[in-house]
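Architecture and fold: a report
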Amino acid sequence: MEQNRTGGSVFKTLVAFSLPYLLSYFLQTLYGLADLFIIGQFNGVDSTTAVSVGSQVMHMVTVMIVGLAMGSTVMIGRAVGANRREEASLAVGNTAALFMGISLVLTGCLLLARSPIITIMKVPSEAVAGITDYLTICFIGIPFITAYNVISSIFRGMGDSKSPMYFIAVACCVNIALDYILIGCLGMGPAGAALGTTLSQTVSVLLSFTMIVRKRMIRLARSDFRMSGRMMKNLLSVGIPVALQDGFIQISFLVITAIANSRGLTDAAAVGIVEKIIGILFLVPSSMLSAVSALCAQNIGAGRPDRARQTLFYAIELAVGFGLTSALLMSFAAEPVVGLFVGSGDAAVIRAGGQYLRGYVWDCVLAGIHFSFSGYFCACQRSGLSFLHNTISIVFARIPLAYLASTMFSDTLTPMGIATAIGSGVSVVVCLIAYRWMRKRENII
């Protein structure tokens, strides 16, 4: 299963490795989009709001798990690049042991924190019952969500970005079918959306385990599952800053969502829908982050920092090009795109969503830059720099500007959307400064 990605054309390698990432992220995004689309056809704005806000909470949990698992991708990638197979096996075994415990603790904590989360999110009263059901079911499914994302991180660290795509493709089809059955036929509303998502993730995990066992893709000894202090330190030194960074980013979006929720049900539904649309547009920057981290880790492990730098800058070019194209298109087609997710009678939601999307979409351009840098920093085992630039952006730009925009422009959501783009601009500046500092101080760069 190991695939060494340290030779050949840098650009072709990046494209070939990132495309399965992109398709995987797209299919995973379809989970939330299918839930929103289908529940919008069979239920009202209250249920749509419950699912949109609830899925944001779950997205935050998921990205923190993925962020923590970034340590596994990087350490496995470095070991594969250096052809140290025993170290790669140790990283895989320690990853499995670590996340098994984390998933169980996380499930219990989130179930206990369910009511406070709903209160903090300022969910409109009409949507409280729906989001309570949604979160309860999703929180119970945390072990399966964790298992899928950890298995994917292991495969990608070994240079295999295709297998996770196959797993999620099957699960996505199952999720859509279950949504129509549970929401459309059985009338389960938000609970049906959550159950469909959880069951489909379970299918994905079972499929991946079956494939691993039958094809003997990973060779592990019992000793690989024993906690190694050195390996745990390496896994967590990369993973914890990324998990905190991703969690902090999602908290900022949840704060912005809470600000929108305080403006009423229409703006709450509009912001929730646009977050899903932006989730699609952010697939390319997200794919670049993940691909850069895995490929650069292998190249650095193989002693090829020059290829790592080339990978970074090719990723930035691809992401920025896509971001500019998306921003221009959405500037003209914002309302029709939002209208895909609500009934034709919800003109107010479509109008508000179009306003928010028209400002927010420019974030895709700048995010492509700092996402790529974040992947590079992780591969260099400098994930603290990723945490730093995102923290500065959130504290000094994204949240305060969104609050001011909401207060000063009560009749439009466009300025709130623009605030997110400004926040990414701050991140880009910090990333450029950090990269220059690394070039001067470290021989690895």
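One structure accompanies this document, and this report is about it. (Residues numbered from 1 in each chain as written. Predicted model: local features only at pLDDT ≥ 70, side-chain atom pairs only at ≥ 80, totals over all residues. Heavy atoms only, no water.)

Another aspect to go through is the overall build of the protein. When you go through the protein residue by residue, the secondary structure sums to 16 helices and zero strands. A compact globule built from 445 residues would reach a C-alpha radius of gyration of about 22 Å, and the protein, at 21 Å, matches this within 12%. Its C-alpha atoms give the protein principal-axis dimensions of roughly 60 × 45 × 35 Å. Counting all 445 residues of the protein, 59% fall into the buried class. Sequence-distant contacts, at least 24 apart, represent 83% of the contacts inside the protein between residues at least 6 apart. Summed over all atoms, the accessible surface of the protein reaches about 17,400 Å², with 67% contributed by carbon and sulfur. The averaged location of the 20 negative side-chain charges in the protein is 13 Å from the averaged location of its 30 positive side-chain charges. (Helix = DSSP H or I, 4+ residues; strand = E, 2+ residues; numbered from the N terminus. Rg over C-alpha atoms; globule rule 2.2 N^0.38 Å. Buried < 20%, exposed > 50% of the residue type's maximum accessible area, 1.4 Å probe, protein only. Contact = heavy atoms within 4.5 Å. Areas by Shrake-Rupley, 256 points an atom, 1.4 Å probe, with all protein chains shown as cover. Lys, Arg positive; Asp, Glu negative; His and termini not counted. Charge placed at Lys NZ, Arg CZ, Asp CG, Glu CD.)

This part takes up the nonpolar core. Within the largest apolar cluster, 121 residues are counted, with the highest numbers of intra-cluster contacts made by L135, L357 and Y376. For this core, the element with the highest residue contribution is helix 2 (residues 45-81), accounting for 14 residues. (Core = buried A, V, L, I, M, F, W, Y, C linked by side-chain atoms within 4.5 Å.)

On to the environment of L14. The topology assignment puts L14 in helix 1 (residues 10-42). With relative accessibility at 0%, the residue L14 sits in the buried group. Expressed as a C-alpha distance, the spacing of L14 and I422, which sit 408 residues apart in the sequence, is 28 Å. Once you skip the residues sitting within four places of it in the chain, L14 turns out to touch A291, L295, T311, Y314, A315 and L318.

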